[in-house]
Amino acid sequence: MPRLKRKGESGAAKNFVTRNQAIRKLQISLPDFRKLCIWKGIYPREPRSKKKVSKSSTASTTFYYAKDIQYLLHEPLLAKFRDQKALEKKISKALGRGDIGDAARLEGNAVRPEKTGKPSYTLDHVIRERYPTFVDALRDLDDCLSMLFLFANLPSTSTVPAKMIARCEKLCLEFQHYIIMSRSLTKSFLSIKGIYYQANIQGEEVLWLVPYKFTQRVVGDVDFRIMGTFIEFYMTLLGFINFKLYTSIGLKYPPKFDVTKDANAAELGAFTLEGKTLVGDEQAQKKLEDATHRPDPKTQAAVNKVLKTIEAAKEPESTEEANATEDQDNAENIIDKFEPAVAGGDVFAQPAATGTNGGALFSNFTFYLSRETPRQPLEFILKAFGCKRVGWDSVLGDGSFTTDEMDPSITHQIVDRPVIQAANDESGDGEDNQTSQKLAANQRVPGRTYIQPQWVWDCINDGELKEPHMYGPGVSLPPHLSPFVKNVRGAYDPTISLEEQEPENEALEAQDDDEDNDEEITADGMDVADDDEEDDEDMGSEDEDENEDEDEDEDEDEDEDDRQNELEAELTGAAVKGKKMNPKTKAKEEALKALSKKSRQEADDLERAKGMLSKKKRKLYDQMMYTNNKKSAEDEKLRAKRRKYEKEQAKAKAAKSNGKA
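Every chain's residues receive numbers from 1 upward, in the order its sequence appears when written. Where totals are concerned, whole chains, interfaces and linings use all residues; where local detail is concerned, this predicted model gives features only for residues with pLDDT of at least 70, and gives and counts side-chain atom pairs only at 80 or more. As a rule here, side-chain values come from all non-hydrogen atoms in the structure, and water together with hydrogens is ignored.

Topic: the overall build of the chain
Part 1 of the reasoning: Counting secondary structure elements, the chain contains 25 helices and 13 strands.
Part 2 of the reasoning: The proportion of buried residues among the 661 residues of the chain is 29%.
Part 3 of the reasoning: The Shrake-Rupley method, run with a 1.4 Å probe sphere, supplies the accessible areas, and residue values consider only the shown protein chains as cover. In the structure as shown, the chain presents an accessible area of about 45100 Å², 51% of it carried by carbon and sulfur atoms. Here a strand is any run of E in DSSP of at least two residues, a helix any run of H or I of at least four, and the numbering for each starts at the N terminus. Each residue gets one of three labels from its accessible area relative to the maximum for its type: buried under 20%, exposed over 50%, partly exposed in between, using a 1.4 Å probe on protein chains only.

Encoded structure:
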């Protein structure tokens, strides 16, 4: 006789367990169970049929895989949680007995991560289990960095201890030092949420978000205990990753940390890196510092004169040998270029002569940051792209190359204040606050380039130095476009003109709208002129009445001519002669008719083609067309906004030129 199957002991009911069953089986509290599931990567599961799985009448039950819970039974962290729970019971019993001394002694043995920042357990074995290879850890680094940079900017509260914030900030700064030394940063974008960074770390693209340095307001509807659980895991993960990255480029980990400099807001300057990689960098830095001490101009002129005499005495090479050498050098420096086989095809990434990807873009410059500019992101980006000398005002913190704004070695100064006229009153009555910059002609340092912060971001995203005059103080900046958006063929592209991307029918409709708007503006202008000349109209009302009578007579004559033409055409059988039309208007009407006819033919061809498809493929095609039409409507809205903006700019420019005239 076969064994009888009991309900809940086979099938789907055996594969799933509820959350309460899992807690009872593991014998831990609900907060500890949540921590364990987050650290081990175990998440709730949704069964296909809750009715078959559930043994109770409640439908909103959380289910887990039974195998996952069985796997947690052998977790070493369970013993730590149970020991902590037993210690908490002893403390409560001592307080119940009134034994304050015993309770204080037990309290000292208890570990309080919210106060000390040091838990009684480590998550090293969990990191090794979840990420068996280093590539797996890099692929999960996006969320880790975003969360750690977020907590590094939060104020300390009872749920977010200060030591946790300091630990997050230290790990983030160590990671930034690796990005600077390895020249791994590729792109960055200023958004409403914060600053996006993208780096290529050992072939993996890592993207993270850093909030702006504003005063953060901690709200009560966010459960920071759950977020703190993730932070504990991410701090351990980033510690492992930093160790691996530092050792891969020959640096010691952890780097030396100066508490005094960190207290003075040095941030990146509070760390001292050690390793084989820094030997060549120190020599290059000494050369750069020695280059600032220039020799005497008279001595240099005499040396140049002697060198010219020596060069003139030497026999020059023949032109043929020089040309041959030049051709050979050019042949060696030729790099293969990947060009599309068909016009309009995919654009391939071109190979570069060096593998730095523009990592030395700012290596020949010395920057000075004005006190109103965001120092932290600018310092990180400039150093990540080769700049060794970045200075700023002393109020922004320690760690700068120079705090003297008049240093002659400074080549670029980044300012972010509106340009105003300098106050001539020596008594100091003129306005001088944190929102304005006195950049009069006599106050600028000769030979120095003044730019706004967006110049730095646009340079690194495009991989080339932008023209500084487009980013000067007080200049209207060009649009800051996201480098992470890939241009799709046929979609709206803000980098090209409207004429190159708008469809033909949309262009014709826009022209008609422009003409209608011009006519309305002209009519409004006539009405305004009539209102301004009310007195003259009162004086010459009789003449206007006579003119109106003449206009009415002309309209009647035109109507009579039209009726006469219709009668003649009816008698002779010829076509009625139409009114004369403007050639431009006629051409537009014909173009619109041709486009409508073409669109009708294409629609008919599509309908006939759809009739030959199966029902399944027809539905798939309709879904695809719905998505494409939705994207086309969004692109059309963007083009309409840009068309309106360009019209407003043209009107403002015309009004400005008329005012100057």
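Quick look at the packing of aromatic side chains
Part 1 of the reasoning: The pairing test for Phe, Tyr and Trp rings, Trp by its six-membered ring, is centres within 6.5 Å, and the orientation test on the planes gives stacked under 30 degrees, edge-to-face over 60, and tilted for anything in between. Inspection of the entire model under this criterion finds 22 aromatic pairs.
Part 2 of the reasoning: With 6.5 Å between their ring centres and 70° between their planes, Tyr196 and Phe484 make a pair best called edge-to-face. With a gap of 288 residues between them, Tyr196 in strand S4 (residues 195–201) and Phe484 in the loop between helix H19 (454–462) and helix H20 (498–501) connect regions that are remote in the sequence.
Part 3 of the reasoning: We classify Phe484 as partly exposed; its relative accessible area is 26%.
Part 4 of the reasoning: Seen in terms of ring centroids, Phe362 and Trp455 are 5.8 Å apart; in terms of plane orientation they differ by 35°. Their pairing is tilted. With Phe362 in the loop between helix H17 (319–332) and strand S8 (366–369) and Trp455 in helix H19, this residue pair connects regions lying 93 residues apart in the sequence. We note that Phe362, like Trp455, is buried.
Part 5 of the reasoning: A positively charged side chain is recorded as over a ring if its NZ (Lys) or CZ (Arg) lies within 6 Å of the ring centre. The angle to the ring normal must also be within 35 degrees. Over the face of the ring belonging to Phe257 we find Lys170, whose NZ or CZ atom lies 4.9 Å from the ring centre.

Observations concerning helix H2 (residues 19–26)
Given 3.6 residues per turn, any residue in an α-helix points the same way as the ones three and four places further on.
Part 1 of the reasoning: Considered for burial, the residues of H2 that qualify are Ala22, Ile23 and Leu26. When H2 is viewed along its axis, its buried side chains cluster within an angular range of 100° and face the same direction.
Part 2 of the reasoning: Along its buried surface, H2 packs onto strand S1 (16–18), helix H3 (30–40), helix H5 (66–72) and helix H6 (77–97).
Part 3 of the reasoning: Among the residues trailing H2, Gln27 stands out with phi positive, at a value near 60°. The directions considered for the arc are those from the helix axis to the C-beta atoms. Here, two residues are considered to be in contact whenever any of their heavy atoms come within 4.5 Å of each other.

Considering the pattern of salt bridges
Part 1 of the reasoning: We define a salt bridge as a side-chain nitrogen of Lys or Arg found within 4 Å of a carboxyl oxygen belonging to Asp or Glu. Counted by the stated rule, this structure contains 15 salt bridges.
Part 2 of the reasoning: The shortest N-O distance in the salt bridge between Lys383 and Glu379 comes to 3.0 Å. Taken as a pair, Lys383 and Glu379 lie in helix H18 (residues 375–384) at a separation of 4 residues, close to a single helical turn.
Part 3 of the reasoning: Where Lys466 meets Glu464, a salt bridge forms, and the shortest distance between an N and an O atom there is 3.8 Å.
Part 4 of the reasoning: Residue class for Glu464 comes out partly exposed when judged on its relative accessible area of 43%.
Part 5 of the reasoning: Sharing partners across several salt bridges, the network here consists of Lys40, Glu75 and Glu129.

Structural notes on H3
Part 1 of the reasoning: Considered for burial, the residues of H3 that qualify are Asp32, Phe33, Leu36, Cys37, Ile38, Trp39 and Lys40.
Part 2 of the reasoning: Among the structural elements, H2, strand S2 (63–65), H5, H6, helix H9 (124–130) and helix H13 (224–248) are those in contact with the buried residues of H3.
Part 3 of the reasoning: Positive phi shows up at Gly41, right after H3, with a value of about 75°.

Some details on the packing of helix H12 (residues 162–182) against H18
Part 1 of the reasoning: Inter-axis angles, ranging from 0 to 180 degrees, are taken between N-to-C directions of lines fitted to C-alpha atoms, where helices are fitted over the stretch in contact. Contact pair H12 / H18: the axes reach a minimum separation of 8 Å and the direction vectors enclose 30°. Where H12 approaches H18, its residues Gln176, Ile179 and Ile180 are matched on the opposing element by Phe380, Lys383 and Ala384.
Part 2 of the reasoning: By residue class, the composition of the contact of H12 with H18 is 4 nonpolar, 1 polar and 1 charged. Gly is put with the polar residues, along with every residue not named as nonpolar or charged; the nonpolar set is Ala, Val, Leu, Ile, Met, Phe, Trp, Tyr, Cys and Pro, and the charged set is Asp, Glu, Lys and Arg.

A word on the nonpolar core
Nonpolar side chains in soluble globular proteins tend to end up buried together.
Part 1 of the reasoning: Nine residue types can take part in a nonpolar core, namely buried Ala, Val, Leu, Ile, Met, Phe, Trp, Tyr and Cys, and a core is a set of them joined through side-chain atoms within 4.5 Å. With 94 residues, the main nonpolar core has Leu141, Phe151, Ile201, Trp208 and Phe362 as its most contacted residues.
Part 2 of the reasoning: If we skip the residues at most four places from it in the chain, Leu141 touches Phe175, Ile201, Val206, Leu238 and Ile241.

Notes on the sheet that holds strand S10 (residues 412–414)
Part 1 of the reasoning: By definition, two strands form a pair when at least two bridges between them are found by DSSP. The sheet built from 4 strands is open, its strands ordered S9-S8-S10-S13 with parallel pairing. Each end of this open sheet is capped by a strand with a single partner; those strands are strand S9 (389–392) and strand S13 (449–451). Geometrically, the sheet is characterised by an average inter-axis angle of 25° between neighbouring strands, direction not taken into account.
Part 2 of the reasoning: Bridging between S8 and S10 involves 3 bridges; their strand directions are parallel. Counterpart to Phe367 in the pairing with S10 is His412.

A look at the sheet that holds strand S3 (residues 185–190)
Part 1 of the reasoning: One open sheet accounts for 3 strands, arranged S3-S4-S5; its pairing is antiparallel. Edge positions in the open sheet fall to S3 and strand S5 (204–210), since each of these has one partner strand only. Averaged over all pairs of adjacent strands, the angle between their axes in this sheet comes to 15°, without regard to strand direction.
Part 2 of the reasoning: As defined by bridge partners, S3 adjoins S4 across 5 bridges and the pair is classed as antiparallel. Paired with Lys187 across the two strands is Gln198, which belongs to S4.
Part 3 of the reasoning: In the packing of helix H11 (residues 141–152) onto the sheet, contacts are made with S4 and S5, and the angle to S5 comes to roughly 20°.
Part 4 of the reasoning: Sitting on the sheet, H19 touches S3 and S4, and the angle it makes with S3 is about 135°.

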